[in-house]
Amino acid sequence: MWLIMNPGLLTEKVLPLPEGVTTIGRTEENSVCVLHASLSRRHAQLARKGDQVLITDLGSKNGTFVSEVRVEPRGRELHPGESFRCGEVAFKLMAPVNEPKPTHTQNLRTRFSPAAMEDLLLAAPTPGSSVLKLRQAAPADGRAAEKLQVLLKVSQLLSSLGPIDELLERIIQLVFRILEVDRAAVFLVDPATGTLRPRVARLSSGEVPSGPFYSHHVVDYVRKHSVAALFADARVDPRLEGASSVMMQAIQASMCVPLKPHNEVLGVLYVDNRSQANGFAQEDLEFLTAFANQAAIALESSMLSQRLAEEAALRTTYQRFFSAPVIKKLHSSQGAQLERVETEVTVLFSDISGFTSLSSTLHPMQVMDLLNEYYPVMADIVFRYEGTLEKYIGDALMAIWGAPFSQPDDADRALRASVEMQHALTDLNAKWKSQGRQELKIHVGLNTGRVAAGNIGSEHYLQYATIGDTTNVASRICSAANDGEICLAETTFQRLRERSWPLTKLPPVQVKGKVEPLTLYRVDWNATPRK
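A brief structural summary.

Criteria and thresholds
- Numbering of residues begins from 1 in every chain and follows the order in which that chain's sequence is written.
- Only residues with pLDDT of at least 70 get local features here, since the model is predicted, and only at 80 or more are side-chain atom pairs given and counted; chain-wide, interface and lining totals rely on the full set of residues.
- Hydrogens and water are ignored here; the side-chain numbers use all heavy atoms of the structure.
- Runs of H or I in DSSP of at least four residues are treated as helices and runs of E of at least two as strands, each being numbered from the N terminus.
- Burial classes follow relative accessibility: with a 1.4 Å probe on protein chains only, a residue under 20% of its type's maximum area counts as buried, one over 50% as exposed, and anything between as partly exposed.
- Here, two residues are considered to be in contact whenever any of their heavy atoms come within 4.5 Å of each other.
- Using the Shrake-Rupley algorithm and a 1.4 Å probe, accessible areas are obtained, with residue cover drawn only from the displayed protein chains.
- Every axis corresponds to a line fitted to the C-alpha atoms, with the helix fit spanning only the stretch in contact, and the corresponding angles, defined between N-to-C directions, vary from 0 to 180 degrees.
- Each angle receives one of four descriptions, namely roughly parallel if under 35 degrees, roughly antiparallel if over 145, roughly perpendicular if within 65 to 115, and oblique otherwise.
- Handedness of a helix crossing follows the sense of rotation of the near helix relative to the far helix, less than a right angle counterclockwise being left-handed and clockwise being right-handed.
- The term disulfide is used for any two cysteine sulfur atoms that are within 2.5 Å.
- For two strands to be treated as a pair, DSSP must find no fewer than two bridges joining them.

A word on the overall build of the protein
Within the protein, the secondary structure is distributed over twelve helices and 25 strands. With 531 residues in all, the protein has 47% of them scored as buried. The contacts in the protein between residues at least 6 apart in sequence include a share of 61% that link residues at least 24 apart. Summed over all atoms, the accessible surface of the protein reaches about 27700 Å², with 51% contributed by carbon and sulfur.

Details of the packing of helix 9 (residues 364-384) against helix 10 (residues 410-434)
Contact geometry of helix 9 with helix 10 gives a least axis separation of 10 Å together with a crossing angle of 150 degrees. In terms of orientation, helix 9 and helix 10 fall into the roughly antiparallel class. Judged by the twist between their axes, the crossing of helix 9 over helix 10 is right-handed. Across the interface between the two elements, Leu370, Glu373, Tyr374, Val377, Met378, Ile381, Val382 and Arg384 from helix 9 touch Ala417, Glu420, Met421, Ala424, Leu425, Leu428, Lys431 and Trp432 from helix 10.

Side note on the state of the cysteines
Under the criterion given, the structure shown has zero disulfides. The cysteine cysteine 478 is free of any disulfide, with cysteine 487 supplying the nearest cysteine sulfur at 9.1 Å. Judged by relative accessible area, cysteine 478 falls into the buried class, the value being 2%.

A few points about the sheet that holds strand 11 (residues 89-94)
Reading across from one edge, 2-1-11-10-7-8 is the order of the six strands in this open sheet, with antiparallel pairing throughout. Pairing within the sheet leaves two strands with one partner each, and these edge strands are strand 2 (13-16) and strand 8 (69-70).

Just geometry here; none of it tells us what the structure is for.
So, in structure tokens, the structure goes:
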């Protein structure tokens, strides 16, 4: 059995109704979670045993209604085809129905489909005034020629790339301009669920349908079989046994065509007529199929353009945080590694010593120029060791190793990066000194521990971050380090595999926010590293 939420509307969802208890409510603990203010946290339940379904209200504030009669606490039996609502949200119980039987079907290749070159040309030109190797045309068919001209115009009007929603609106407008229909809709396959979802629907008046306007059995049939289908007289069509919305809306005839540019069905185009049965002929289905083929090509191009634009924007965003090898891994995993996880990381915090007093002696533009020269050098070092550059905080830089991908030597990579940062700053200082400019010193803190890592904020805006005490302590260790020093925590010391530079254990250091003092190690980064 199936449960249809918002039946016939643009927001329609078809959900399976399994054996046992299915609950409906506003919170995620329910089998069907609906974020609507009229629903209670736990609103109603459906208990299915075979073909029998019992609906019960769970003490909801706004009630559960079947045929506008409030369901009593003891519940009542719900039959296939019956509608009910929880608060203001409508549902319908559906039993599996026989596949609809269209009056006519149409292969997606029509007389107006582009022919193969061999079908259009002769091996040699025929004598005459033209050198074109065209085959002899069939006797002129004025109506077919006019249709072809219309389709050529349709191709031109749909060829410009732009947002998919704008393209769908153009498709619907052209349908009403070319065909005598009462309603039209475009459904697209939802990539997340694989189900058909209505994306745009209009009446011939230009208004959006306010109630049920189609049968999902029809659009599912067309998608499943990849054929265009004409239902000439909806009143006697077998599908009406499970599609009362069609009868309620007095649909006399309908046509539905898949949007299939190549091997994959992207969606379907649906039109109907409410004024007379047999209002569509097979000729209309053939033309609508040719029209839908043009729309499918345009839709595929628009989807590809949008996907390329999104990938380009994502690549640009990725480059703010991740090195090239990490970006490559993220693409291969479809970005799944950016989901929130708890993991161990080594955090690097670096800060420019005395930056506040330095800034007070420089013009703001000079400060910005200084940072724009300093930060790219430091960021390149982070990426060279495949770290994640989490953020800049004024004159401070924070990077992590261990997320979104971990490696056995994350702590060593973080230490090597911090040492290289100190050497890189020595080179920068030499250049700035020769130019008569201010020299800088930085102090660096390293800490290893558990954090929550992932994208925070909007799903449309990437802000990769780590949250936890580990990052706070790394900042405190950085503050405890003196000018030009690198200090690391005991946890990082324990994770080091190489210990390439001499490490000096410091007396216990009390830092803000910690009751117990920290055990820190100072890195002699100027020493020659051990092989």
